[in-house]
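Examination of the molecular architecture
Read off the chains here:
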Amino acid sequence: MGNPRVPIDPSTNLPSINSFGELSNFLRGAVADEDSRQLSESMAQLAVHIEAIVAGLRLSRVRTAVAPMLVDLLTVLRGHRNMVVSLSLSWRGLYEYAAYLQALNNFRVLIGQWLLDGGPRSSELLLSAEDFELVAWRTLGEGVLMIDMYEQWMAQEPGAEPSALGALSDPQMERAVQWWKKLRL
């Protein structure tokens, strides 16, 4: 298994991943099992696409140049989300799993809105590199947190459950879901 921890900058004592490329390299090293390897590779692919879009937006916001990259990213995001949804129960028992799925869905919705903003006749996207980068970092950060929590759980004693949520019976699960919905209102 690679080092699942993010490198720490000794001068600030804070994580030192500063680019999507560095994030991609980190993800390649965070492998506890086959699911973790596939998830890390898929997130690394997202990071590569995101890095290209950020670079493109910094050069120009011309719709004909950037919109095709955003549409390609939507395709990659759809595939990545499908892969996340098919992860084993041990992943789905993590609190961070639901948060990451929500972040992926929000990112997809925002990309769609950015593509529509200004209308199809507008020659320039209203999206800035900074806005896109902020949402992308937040989304990938949720994924990295999920991987880190899974890695920590895998390092614990064998057979440990990340959460009792995955072991609940259907009526118990339904009550938990209803409670969560009330809490979010």
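We now turn to the structure provided with this report. (Residues numbered from 1 in each chain as written. Predicted model: local features only at pLDDT ≥ 70, side-chain atom pairs only at ≥ 80, totals over all residues. Heavy atoms only, no water.)

1. Some points on the pattern of salt bridges
When charged atoms on two side chains of opposite charge get close, those side chains can pair. Enumeration over the complete set of coordinates arrives at five salt bridges. One salt bridge connects Glu41 with Arg37, and the closest N-O pair in it is separated by 2.6 Å. One end of the pair, Glu41, and the other, Arg37, are both in helix 2 (residues 34-59), four residues apart, so they sit about a helical turn from each other. A network of salt bridges, in which partner residues are shared, links Glu34, Arg37 and Glu41. (Salt bridge = Lys/Arg side-chain N within 4 Å of Asp/Glu carboxyl O. Helix = DSSP H or I, 4+ residues; strand = E, 2+ residues; numbered from the N terminus.)

2. Comments concerning the packing of aromatic side chains
Tallied over the entire structure, the rule returns four aromatic pairs. Between the aromatic rings of Trp91 and Tyr150, the centroid separation amounts to 3.7 Å while the plane-to-plane angle is 15°, which identifies the pairing as stacked. Here Tyr150 lies in helix 6 (residues 129-155) and Trp91 lies in helix 4 (residues 89-92), a separation of 59 residues in the sequence. Using a relative accessible area of 0% as the deciding quantity, one classes Trp91 as buried. Feature note: the residues Trp91, Tyr150 and Trp153 constitute an aromatic cluster, connected by ring pairs. (Phe/Tyr/Trp six-rings, centres within 6.5 Å; stacked < 30°, edge-to-face > 60°. Buried < 20%, exposed > 50% of the residue type's maximum accessible area, 1.4 Å probe, protein only.)

3. Focus on the nonpolar core
Ranked by internal contacts, the top residues of the largest apolar core, which has 40 residues, are Phe107 and Phe132. Taken together, the elements giving at least two residues each to this core come down to helix 2, helix 3 (63-85), helix 5 (95-116) and helix 6. The leading source of residues in this core is helix 6, at ten residues. Apart from the residues lying within four places of it in its own chain, the contact partners of Phe132 are Ile50, Ile53, Val54, Leu57, Leu70, Leu73, Phe107, Trp114 and Leu127. (Core = buried A, V, L, I, M, F, W, Y, C linked by side-chain atoms within 4.5 Å. Contact = heavy atoms within 4.5 Å.)

4. Topic: the packing of helix 5 against helix 6
For the pair helix 5 and helix 6, the least separation of the axes is 9 Å and the interaxial angle reads 160°. Relative to helix 6, the element helix 5 is oriented roughly antiparallel. As helix 5 packs across helix 6, the resulting crossing turns out to be left-handed. Together, Glu96, Tyr97, Ala99, Tyr100, Ala103, Leu104, Phe107, Leu110 and Trp114 of helix 5 and Asp131, Phe132, Val135, Ala136, Arg138, Thr139, Glu142, Gly143, Leu145, Met146 and Met149 of helix 6 make up the contact between the two elements. Residue composition of the contact of helix 5 with helix 6, by class: 14 nonpolar, two polar and four charged. (Axes fitted to C-alpha atoms, helices over the stretch in contact; angles between N-to-C directions. Parallel < 35°, antiparallel > 145°, perpendicular 65-115°, else oblique. Left-handed = near helix turned anticlockwise from the far one by under 90°. Nonpolar A, V, L, I, M, F, W, Y, C, P; charged D, E, K, R; others polar.)

5. Quick word on the environment of Asp72
Checked against the element boundaries, Asp72 lands in helix 3. Under the relative-accessibility criterion, Asp72 is labelled partly exposed at 44%. Taking C-alpha positions, Asp72 is 8.3 Å from His49, a pair spaced 23 residues apart along the chain.

All we've got here are geometric facts, nothing functional implied.
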